[in-house]
Amino acid sequence: MSQSFDVIVIGGGPGGYIAAIRAAQLGFQVACIDEWKNATGGPAPGGTCTNVGCIPSKALLQSSEHFDQANHHFADHGIQVKDVKIDVAKMVGRKDAVVKQNNDGILYLFKKNKVSFFHGRGSFVKAVESGFEIQVKGAKEEVITGRQVIVATGSNARALPGAAFDEDMILSNDGALRLGAVPKKLTLIGSGVIGLEMGSVWRRLGADVTILEGLPTFLGAVDEQIAKEAKKAFDKQGLKIELGVKVGEVKATKKGVSVAYTDAKGEAKKLDGDKLIVSIGRVPNTIGLNAEAIGLKLDERGAIEVDEACRTNVKGVWAVGDVVRGPMLAHKAEEEGVAVAERIAGQHGHVNFNTVPWVIYTSPEIAWVGETEQQLKARKADYKAGTFPFLANGRARALGDTTGMVKFLADAKTDEILGVHIVGPMASELIAEAVVAMEFKASAEDIARICHAHPSLSEATKEAALAVDKRTLNF
Ligand code: FAD
Ligand code: NAI
């Protein structure tokens, strides 16, 4: 007889493993199936985020930032270092160890919360009276039954037509995170989040990096003023970004990769590099799920179609994270996972898409929540803006990192915060205050009147809130 569960979660990334834990907390018998394998074939739950995404990229960003600091900024502090060298194998090994700590942490959390973990591929067999039969294909093959199913199968990197990933010369995020040496010349296609983060890592380590971007605007989804400031900083660092290009033929040999393209002026060009990273977005993953067996509807992008509550067209089947609409972010996947588990328990799980923060972990970091100034203009909103530069912040000066600013956008009549945009040091941490403020529908004045520690970068947030009412104190 097959094992049966109240809830089966297919996929153990941030959407899936968090949904499984929350469902178990709510008293359900829960199974989570995940197929990711580590180097020795063992289980490696945590999905893209843990294995080839958020965590390893931030580990390499940290290592490369240390290298950059030692090479270019220690001297400003009177610290002299000579012959700074990078041991790429050790750096990548450290990253792998950080990933493993996270994999093991999730396995521990499953045990702690009594979630039954199945290592293998889960696919729908059929709908039955008691729910759904799911086949698990791993070291052994078995069928388990779930009353409710949460699909959290994530996404895969989108390949450029005619240039399939080989993870040796043409790299997705996977290969980009485990290069064995610093390439002399590195080409990236797509100056989105991955392009900028991965481009930054390898540039800091000494690669000559060029990013080819199809759109004529840089970071179109980011507030224009912030994007402009970030671009200035990247230009200064020597991160070359060509906008408005049309990529043509990609030729890879054992020695390198050449990319033919037409530049913004319509001139035909060719770029030779040792490696090519393609970071042109991600596609929802339903490979091997056998969604057809239960008539699960996908949209034209291949994402599982869901309503605002993550219900699919099949009653009792839910879907969360990268495999559904909305931003492809780990924290968005997690929030949906929690909300679905709570809805299954009859509670009112809720995700506020208006307050999902975004962070790009470059240097300077870029972070934002809510609407951009161009969005407010487009909807003819009556708004006020206030900015404060890190140049005028004492802590930023002490850190030696004064690039960027905090920008507040607030409703002209009610003063309610509509968006907060930051480019600068620790923007990833500073944005949390703005998220809390917006969740509580705070006004810019609320933030302006709150006591912020001195000296801290968060004082720039307070000052930007004061700037909305044209009364900054330190600028
Ligand atoms: P995933 O994390 O993709 O997990 C899906 C899991 O399901 C995988 O383990 C997969 O093996 C498994 N699976 C799929 N099909 C089956 C099946 N049939 N049976 C069993 N298992 C299956 N987001 C952030 O918020 N912050 C960041 O800093 C960040 N950095 C990123 C850096 C990179 C380089 C990349 C590529 C992404 C980054 N992201 C970041 C995005 C983030 O990784 C994703 O949004 C997040 O992982 C989505 O979570 P998920 O649970 O929906 O899917
Ligand atoms: P992206 O959507 O951020 O950027 C892709 C870029 O490629 C865009 O600027 C697009 O205009 C460009 N592009 C698309 N097709 C092109 C072509 N043929 N030629 C030239 N340029 C082209 O996607 P990316 O960087 O691949 O990342 C995928 C997703 O992963 C992100 O959108 C984000 O959701 C997530 N992610 C999040 C991170 C974070 O939160 N810090 C870090 C990395 C990824």
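Residues numbered from 1 in each chain as written. Chains lettered and ligands numbered in written order. Predicted model: local features only at pLDDT ≥ 70, side-chain atom pairs only at ≥ 80, totals over all residues. Heavy atoms only, no water.

Regarding the environment of Lys-58
Alright, step 1. The topology assignment puts Lys-58 in helix H3 (residues 54-72).
Alright, step 2. When residues no more than four places from it in sequence are discounted, the contact partners of Lys-58 are Glu-197 and Tyr-361. (Helix = DSSP H or I, 4+ residues; strand = E, 2+ residues; numbered from the N terminus. Contact = heavy atoms within 4.5 Å.)

A word on the domain arrangement of the chain
Alright, step 1. When cut into domains, the chain gives domain 1 (4-157 + 283-351), domain 2 (170-280) and domain 3 (355-467).
Alright, step 2. Relative to domain 3, the C-alpha centre of domain 2 lies at a distance of 29 Å.
Alright, step 3. Of the roughly 1,600 Å² buried at the junction of domain 2 and domain 3 (both faces included), carbon and sulfur atoms supply 65%.
Alright, step 4. One salt bridge connects Lys-407 with Asp-223, and the closest N-O pair in it is separated by 2.8 Å. (Domains from an automatic or database assignment. Buried area = accessible area lost by both parts, 1.4 Å probe. Salt bridge = Lys/Arg side-chain N within 4 Å of Asp/Glu carboxyl O.)

Focus: the nonpolar core
Alright, step 1. Leu-196, Trp-202, Leu-219, Phe-234, Ile-277 and Ile-366 are the most contacted members of the largest nonpolar core, which totals 36 residues.
Alright, step 2. At the level of elements, H3, helix H4 (88-112), strand S8 (185-189), helix H6 (193-204), strand S9 (208-212), helix H7 (224-237) and strand S18 (365-370) are the ones that each hand at least two residues to this core.
Alright, step 3. Phe-388, Val-420, Ile-447 and Ala-464 belong to the second largest nonpolar core, which has 30 residues in total. (Core = buried A, V, L, I, M, F, W, Y, C linked by side-chain atoms within 4.5 Å. Buried < 20%, exposed > 50% of the residue type's maximum accessible area, 1.4 Å probe, protein only.)

Quick look at the packing of aromatic side chains
Alright, step 1. Applying the stated rule across the entire model yields 6 aromatic pairs.
Alright, step 2. Relative to Phe-117, the ring of Phe-110 has its centre 5.5 Å away and its plane inclined at 20°; by these criteria the two rings are stacked.
Alright, step 3. A residue is classified by how much of its surface remains accessible, and Phe-117, at 23% relative accessible area, is partly exposed.
Alright, step 4. Seen from their ring centres, Phe-388 and Phe-475 are 6.0 Å apart, and the 75° between their planes marks the pair as edge-to-face. Taken together, the positions of Phe-388 in strand S19 (residues 383-389) and Phe-475 in the segment after helix H13 (458-468) put the pair 87 residues apart, joining distant regions of the chain. (Phe/Tyr/Trp six-rings, centres within 6.5 Å; stacked < 30°, edge-to-face > 60°.)

Some details on helix H8 (residues 330-344)
Alright, step 1. If you check H8, its first and last C-alpha atoms are 21 Å apart, about what 15 residues at 1.5 Å a residue would give, namely 21 Å.
Alright, step 2. Within H8, 11 of the 15 residues are buried, which leaves the element mostly enclosed by the surrounding structure.
Alright, step 3. Residues of H8 that are buried: Ala-330, Lys-332, Ala-333, Glu-336, Gly-337, Ala-339, Val-340, Ala-341, Glu-342, Arg-343 and Ile-344.
Alright, step 4. Where H8 terminates, the next one or two residues include Gly-346, which has phi positive at roughly 85°. (Expected span 1.5 Å × (residues − 1).)

Re the site of ligand 1
Alright, step 1. Around ligand 1 sit 38 residues, and of these Asp-34, Thr-48, Lys-58, Gly-122 and Asp-322 come closest.
Alright, step 2. One nitrogen or oxygen atom from the main chain of Pro-14 is found 3.3 Å from an oxygen atom belonging to ligand 1.
Alright, step 3. In the model, an oxygen atom of ligand 1 is placed 3.3 Å from a nitrogen or oxygen of the Cys-49 main chain.
Alright, step 4. For ligand 1, the protein covers 94% of the area, taking 1,000 Å² as the surface of the free molecule.
Alright, step 5. Elements represented by at least two residues in the shell around ligand 1 include exactly helix H1 (14-25), strand S2 (30-34), helix H2 (47-52), H3, strand S3 (115-128) and H8.
Alright, step 6. Its residues placed into classes, the shell around ligand 1 shows 14 nonpolar, 18 polar and 6 charged. (Near = heavy atom within 4 Å. Polar contact = N/O pair within 3.5 Å; in protein donor to acceptor, adjacent residues only side chain to side chain. Areas by Shrake-Rupley, 256 points an atom, 1.4 Å probe, with all protein chains shown as cover. Nonpolar A, V, L, I, M, F, W, Y, C, P; charged D, E, K, R; others polar.)

Section: the packing of H1 against H4
Alright, step 1. Relative orientation of the contacting elements H1 and H4 amounts to 20°, with a least axis distance of 10 Å. Viewed along their axes, H1 and H4 adopt a mutual orientation that is roughly parallel. Pair H1 / H4 crosses with left-handed handedness. Contact residues: Tyr-17, Ala-20 and Ile-21 in H1; Ile-106, Leu-109 and Phe-110 in H4.
Alright, step 2. Broken down by class, the residue content of the contact of H1 with H4 amounts to 6 nonpolar, no polar and no charged. (Axes fitted to C-alpha atoms, helices over the stretch in contact; angles between N-to-C directions. Parallel < 35°, antiparallel > 145°, perpendicular 65-115°, else oblique. Left-handed = near helix turned anticlockwise from the far one by under 90°.)

Thoughts on the packing of H3 against H6
When two helices pack together, their arrangement is captured by the angle between the axes and the distance separating the axes.
Alright, step 1. Running from amino to carboxyl end, H3 crosses H6 at an angle of 35°, the nearest separation of the two axes being 8 Å. In the packing of H3 onto H6, the handedness of the crossing is left-handed. Taken together, the residues of H6 that come into contact with H3 (itself represented by Ser-57, Lys-58, Leu-60, Leu-61, Ser-64, Glu-65, Phe-67 and Asp-68) are Glu-197, Met-198, Ser-200, Val-201, Arg-203 and Arg-204.
Alright, step 2. When the residues that make up the contact of H3 with H6 are grouped by side-chain class, the tally is 5 nonpolar, 3 polar and 6 charged.

What to know about the pattern of salt bridges
Alright, step 1. Within the structure shown, the criterion is met by 29 salt bridges.
Alright, step 2. As a salt-bridge pair, Lys-58 and Glu-197 come within 2.8 Å of each other at their nearest N and O atoms. A residue pair is termed long-range when its members are at least 10 positions apart, and Lys-58 in helix H3 and Glu-197 in helix H6 qualify at 139 residues.
Alright, step 3. On the accessibility criterion, Lys-58 (25% relative accessible area) is partly exposed.

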